[in-house]
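Given next are the chains, with one letter for each unit.
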Amino acid sequence: MFDPIKAIIDFTAHASVSADPEAKPGIEGAVKFVGNLLEKELGCTVEVAPTAGHPVVIAKREGRPEWPHVVIYGHYDVQPADPLEEWHTPPFEGVVKDGELFGRGTADDKGPVMVHIAAMARLLERRPDLPLRVTFLIEGEEEIGSVNLASVMEARKAELSGEFLLMSDTTGIGRDDESITTGLRGISALEVRLRGPRQDLHSGFHGGPVMNPVRALAKLCASLHDEDGRVNIPGFYDEVVPPQDWEREEMARLDRDPEDYRKLLGVPELCPPPDFGVFESRCFGPTLEFNGIGGGYQGSGSKTIIPARAFAKISCRLVPNQDSARILDLVEQTLRERCPKGVTMEVERHHGGDPYVVLPPHLSGEPADTAKGRAFRAADLAIREQFGSAPHYLREGGSVPILSDIKRILGMDALMLSVALQDCNMHSPNEKLDLTVFERCSRVSEKILEAVADGA
Ligand code: BES
Ligand code: MN
Ligand code: MN
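Residues numbered from 1 in each chain as written. Chains lettered and ligands numbered in written order. Predicted model: local features only at pLDDT ≥ 70, side-chain atom pairs only at ≥ 80, totals over all residues. Heavy atoms only, no water.

**Brief notes about the site of ligand 1**
Using the following cut-off: The rule for a residue being near a molecule or strand is that one of its heavy atoms must lie within 4 Å of it. Any N or O atom pair separated by 3.5 Å or less is treated as a polar contact, with the protein-specific requirement of one donor-capable and one acceptor-capable atom, and with residues adjacent in sequence counted only for side-chain atom pairs. Accessible areas in this description were obtained via Shrake-Rupley with a 1.4 Å probe; residue shielding takes into account the shown protein chains only. Gly counts as polar in this scheme, as do all residues outside two lists: the nonpolar Ala, Val, Leu, Ile, Met, Phe, Trp, Tyr, Cys and Pro, and the charged Asp, Glu, Lys and Arg.
In the vicinity of ligand 1, 17 residues are found, and the nearest of them are Glu 142, Asp 169, Arg 317, Ser 399 and His 427. Taking His 75, its side chain carries an N or O atom lying 3.2 Å from an oxygen atom of ligand 1. In the environment of ligand 1, a nitrogen atom lies 2.8 Å from a nitrogen or oxygen atom belonging to the backbone of Ser 399. When ligand 1 is considered free in solution it has 520 Å² of accessible area, and contact with the protein chains removes 90% of it. For the shell around ligand 1, the class distribution of residues is four nonpolar, seven polar and six charged.

**Thoughts on the side chain of Arg 156**
Convention followed: What counts as a helix is a DSSP run of H or I of at least four residues, what counts as a strand is a run of E of at least two, and both are numbered from the N terminus. Each residue gets one of three labels from its accessible area relative to the maximum for its type: buried under 20%, exposed over 50%, partly exposed in between, using a 1.4 Å probe on protein chains only. Every residue pair with non-hydrogen atoms within 4.5 Å of one another is taken to be in contact.
Assignment of secondary structure puts Arg 156 in the loop between helix 4 (149-155) and helix 5 (157-160). Given a relative accessible area of 17%, Arg 156 falls into the buried group. There is a polar contact of 2.7 Å between the side chain of Arg 156 and the side chain of Glu 47. In this structure, Arg 156 is in contact with Glu 47, Ala 49, Ile 58 and Lys 60, ignoring residues within four places of it in sequence.

**Things to note about the coordination of the manganese ion (ligand 3)**
Rules: Distances decide who is a donor: an N, O or S atom must be within 2.8 Å of the metal, or within 3.2 Å for Na, K and Ca. Water is not included, so sites may look incomplete. For four-coordinate sites, all angles between 85 and 135 degrees define a tetrahedron; for four- and six-coordinate sites, opposite donors beyond 155 degrees with the remaining angles between 65 and 115 define square planar and octahedral shapes respectively, and all other cases count as irregular.
The manganese ion (ligand 3) binds to the protein through Asp 108 (OD), Glu 143 (OE), Glu 143 (OE) and His 427 (NE2); the donor distances cover 2.1 to 2.5 Å. Coordination geometry of the manganese ion (ligand 3): the six donor atoms subtend angles of 56 to 155° at the metal centre, consistent with an arrangement described as irregular. All donors to the manganese ion (ligand 3) come from one chain, and their sequence spacing reads D-x34-E-x283-H. Taken as an interatomic distance, the gap from the manganese ion (ligand 3) to the manganese ion (ligand 2) is 3.6 Å; Asp 108 donates to each of them. One end of the pair, Glu 143, is in the loop between strand 6 (133-139) and helix 4; the other, His 427, is in the loop between strand 17 (414-417) and strand 18 (432-434), and 284 residues separate them in sequence.

**Focus: helix 12 (residues 371-387)**
Convention followed: A helix is expected to reach a length of 1.5 Å times the quantity of its residues less one.
Given a rise of 1.5 Å per residue, 17 residues ought to cover 24 Å, and the 23 Å separating the end C-alpha atoms of helix 12 matches this to within 8%. With twelve of 17 residues buried, helix 12 is to be regarded as a mostly interior element. Looking at helix 12, one finds that the buried residues are Ala 371, Lys 372, Gly 373, Arg 374, Ala 375, Phe 376, Ala 378, Ala 379, Asp 380, Ala 382, Ile 383 and Phe 387. Lining the buried residues of helix 12 we find strand 7 (164-167), strand 8 (179-184), helix 11 (361-364), strand 16 (392-396), strand 17 and helix 14 (435-454).

**As for the pairing of strand 9 (residues 186-195)**
Short version of the rule: Strand pairing requires that DSSP identify at least two bridges connecting the strands.
Burial of strand 9 is extensive: eight of the ten residues sit out of reach of the surface. Sheet analysis places strand 9 next to strand 14 (residues 344-353), joined by eight bridges and oriented antiparallel. By the bridge assignment for strand 14, Ile 187 is matched with Gly 353.

This is the structure in structure tokens:
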């Protein structure tokens with residue numbers, strides 16, 4: 001019998017850190033593992049499609065052309081595990097404790113991928129002749145911006161286009177509060193580097209006439225928000241669409257306590273920007289964040305220098321209808337205009353992606369008698385059964401930049417069934433998956449796939 005929890009543990013053992021050039025064995029191991037699983041457990045025809053970066057696993061359950069076709073998306077790559085000393089169990093050795101599975105990738109996205117594999121396995125056991133075509137599209141570069149997936153999709157449009165995309169790579173609320181994610185933020189990222197003197201200088205010998213790059217960078221970075229916390233870049237908010245009334249109501253219906261959230265995060269105070277509540281600001285509003293900043297002496301004690309260089313890594317989270325390329329232009333232009341005298345600036349533009357929104361037919365007014373409509377209806381019903389309450393229809397704050405490309409290139413909308421929870425420690429030490437939610441979601445996925453196959 002197929003044991004999905006064991007399969008997640010085995011999948012987790014492959015340290016498929018896409019950002020790490022040393023992690024090749026982990027990448028190869030994860031590719032082989034998930035490919036074999038899809039072949040052995042689901043009888044799929046599996047192909048490992050090479051890209052300029054990490055390969056994409058494409059696994060197909062073929063069938064008659066008139067059968068509906070569902071594409072299931074996920075990613076086998078994970079974030080680096082550091083800081084290692086903060087893990088209570090080894091990151092690449094999945095451990096079950098009190099109904100939760102710990103390990104890097106258990107929540108993002110190996111566990112959620114397994115939700116749909118487990119669902120398919122059960123469904124095919126019950127109905128080996130299920131009239132449904134399924135393509136699994138499991139990529140290895142989501143955590144580094146999915147830079148090579150769009151060209152694979154462009155080249156293979158016809159075979160990768162289905163009625164809709166089923167995926168789980170977003171977060172829900174809690175064990176008894178399942179959500180269907182109705183949108184994700186976009187992202188624009190860049191790195192700015194300032195150069196002062198040719199090399200570090202004695203700060204007493206030369207201090208006075210020389211502009212310190214760290215001081216210049218601090219001034220530049222400080223200029224990017226105003227006193228109230230709004231992003232201080234001309235034009236940044238021009239295209240922002242405020243949340244719909246139903247979205248604000250849905251958010252309020254959650255009735256979460258900001259104090260619990262504050263404690264979960266371990267911050268002394270929450271500081272949402274004007275115009276948004278605590279929970280609203282993490283999905284309905286745009287942001288500009290400093291992801292890393294550096295320059296000068298980082299060792300112990302003091303070292304009296306004027307450093308030669310300083311850098312900051314910056315990313316913006318975007319909401320409809322901000323355009324990631326336009327925002328990147330605005331940020332770069334603003335940085336260049338505000339570059340303090342006495343230093344030179346270099347800007348490196350990183351990956352990005354547009355915000356993404358998808359509404360179920362009952363909220364968008366689209367016809368419901370399509371495969372997508374049936375899928376959303378089945379999801380709603382199955383969530384009520386499995387979780388004992390109606391799903392929450394909410395946007396989330398993270399980004400899966402490839403979704404807007406999938407919509408543009410393959411014409412598919414996504415049904416995002418959330419699996420990870422608020423306290424899942426995604427991208428951070430002690431990442432974990434709630435096994436009750438896993439089991440419930442795999443039952444929901446099973447119902448979705450069956451409803452689409454039956455056209456009911
Ligand atoms: N699964 C996350 C995205 C996510 C997180 C959606 C939380 C909803 C709630 C995904 O793996 C991720 O981390 N994406 C990156 C994209 C970036 C590397 C371009 C992100 O959001 O930072
Ligand atoms: Mn993910
Ligand atoms: Mn991630």
